[in-house]
Amino acid sequence: MEITSMQDVRLRSKLPSYEALRPAQTPDSPINGLDNLISELHRIFRDDVVNIEHVSEVMASYQSNPADWKKFAKFDRFRYTRNLVDEGNGKFNLMILCWGPDHGSAVHDHADAHCFMKMLQGTLSEVRFSWPDQGGAEEQGHDDDGDDDGEGRPLEEISRTDLCLNDVGYINDSMGLHRVENPSHSDPAVSLHLYSPPFSSCSVFNQRTGRRSQCPVTFWSKRGKKVDKEARSATTPEDN
Ligand SMILES: N[C@@H](CS(=O)O)C(=O)O
Ligand SMILES: [Fe+2]
């Protein structure tokens, strides 16, 4: 499968090239409900060539209706949760992320995948960073002591964007790293994420030193059912 874009986005390493450009198409008909969105995504990802703008437009044209996605939206008091909605025939993972007040992710990459993110409820702030200088300190496993060991340089911030209800954002590793947070101290936020290809671990970065470590990403629930405690307690790239 090849994923194309009208933008001049240069992709790194394993990501497919953008050479075969194909015009973005508007959805054939308006998306009516989450099930309809999922069917449309299956149809799109059946093709050998997938256009990034087209996927974004289709996701944007779905108007969030909590009745559609409530059964997937399972919150935790302490950190954001990742709730699997659909496995996209192996081509993509579609999931709902639930963010309590002040919850956020650590700075992370997306494991060479394409990442689409649509707001279903509330607002999220996305802060983007450049990749740390290559050759910078790379960490083996987690450094649990919480300090930055005084090495490396702070990551350089390149943008800040607020994503509001029904907005769709897109990132891949060639565009940098990001962290996402729910800026509200009182309201939850819910977002729908599509990752292609699916991935089960990514890199997280210490914002002050650029140090990198691997982080498995797991699901809090799958298709509306909470996964067992052991699997749940594994990590997310969370920030608090
Ligand atoms: N990429 C993150 C969510 S976000 O902070 O973009 C994840 O899949 O857990
Ligand atoms: Fe992310």
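Since we're looking at a predicted model, the values are computed, not measured. (Residues numbered from 1 in each chain as written. Chains lettered and ligands numbered in written order. Predicted model: local features only at pLDDT ≥ 70, side-chain atom pairs only at ≥ 80, totals over all residues.)

Visitor: I keep staring at the sheet that holds strand E4 (residues 93-99) and nothing clicks. Help me out?
Guide: Picture the strands of a sheet paired through backbone hydrogen bonds; they go either parallel or antiparallel. The strand order across the open sheet formed by seven strands is E9-E6-E11-E4-E3-E14-E15, and the pairing between neighbours is mixed. Looking at the sheet topology across the chains shown, the edges are occupied by strand E9 (168-171) and strand E15 (225-226). One ladder, built from seven bridges, connects strand E6 (residues 114-121) with strand E11 (residues 189-196); its direction is antiparallel. Counted as the bridge partner of Gln 121 is Val 190 from E11. (Pairing = 2+ DSSP bridges. Helix = DSSP H or I, 4+ residues; strand = E, 2+ residues; numbered from the N terminus.)

Visitor: I keep staring at the UniProt feature "binding site: Fe cation" (unreviewed entry) in the protein and nothing clicks. Help me out?
Guide: Within this structure's numbering, the places UniProt gives as "binding site: Fe cation" (unreviewed entry) are His 108, His 110 and His 178. Spatial clustering of the annotated residues is evident: they stretch over 71 residues in sequence, but the largest pairwise C-alpha distance comes to 9.1 Å. For His 108, the location among the structural elements is in strand E5 (residues 107-108). The residues touching His 108, leaving out its near neighbours within four places in the chain, are Leu 177, Arg 179, Cys 202, Ser 203, Val 204, Phe 205 and Pro 237. With residues near it in sequence (within four places) discarded, His 110 still touches Cys 115, Ile 171, Asn 172, Asp 173, Tyr 195 and Cys 202. (UniProt positions renumbered as here; feature names shortened; annotations may be inferred. Contact = placed C-beta atoms within 7 Å.)

Visitor: Even after reading the chapter, I still don't get the nonpolar core, so can you show me in this structure?
Guide: In a soluble, globular protein the nonpolar side chains are often hidden away together inside. Judged by nonpolar contacts, the single largest core of 37 residues is most densely connected at Leu 94, Ile 96 and Phe 116. Mapped onto this core, the elements with two or more residues apiece are helix H1 (34-46), helix H2 (52-61), strand E3 (81-86), E4, E6 and E11. Top contributing element to this core by residue count: E4, with six residues. For Leu 94, the contacting residues outside a window of four places in its chain are Ile 38, Leu 41, Val 85, Asp 86, Gly 88, Leu 192 and Leu 194. (Core = buried A, V, L, I, M, F, W, Y, C linked by C-beta atoms within 7 Å. Buried ≥ 20, exposed ≤ 12 C-beta atoms within 10 Å, placed from the backbone.)

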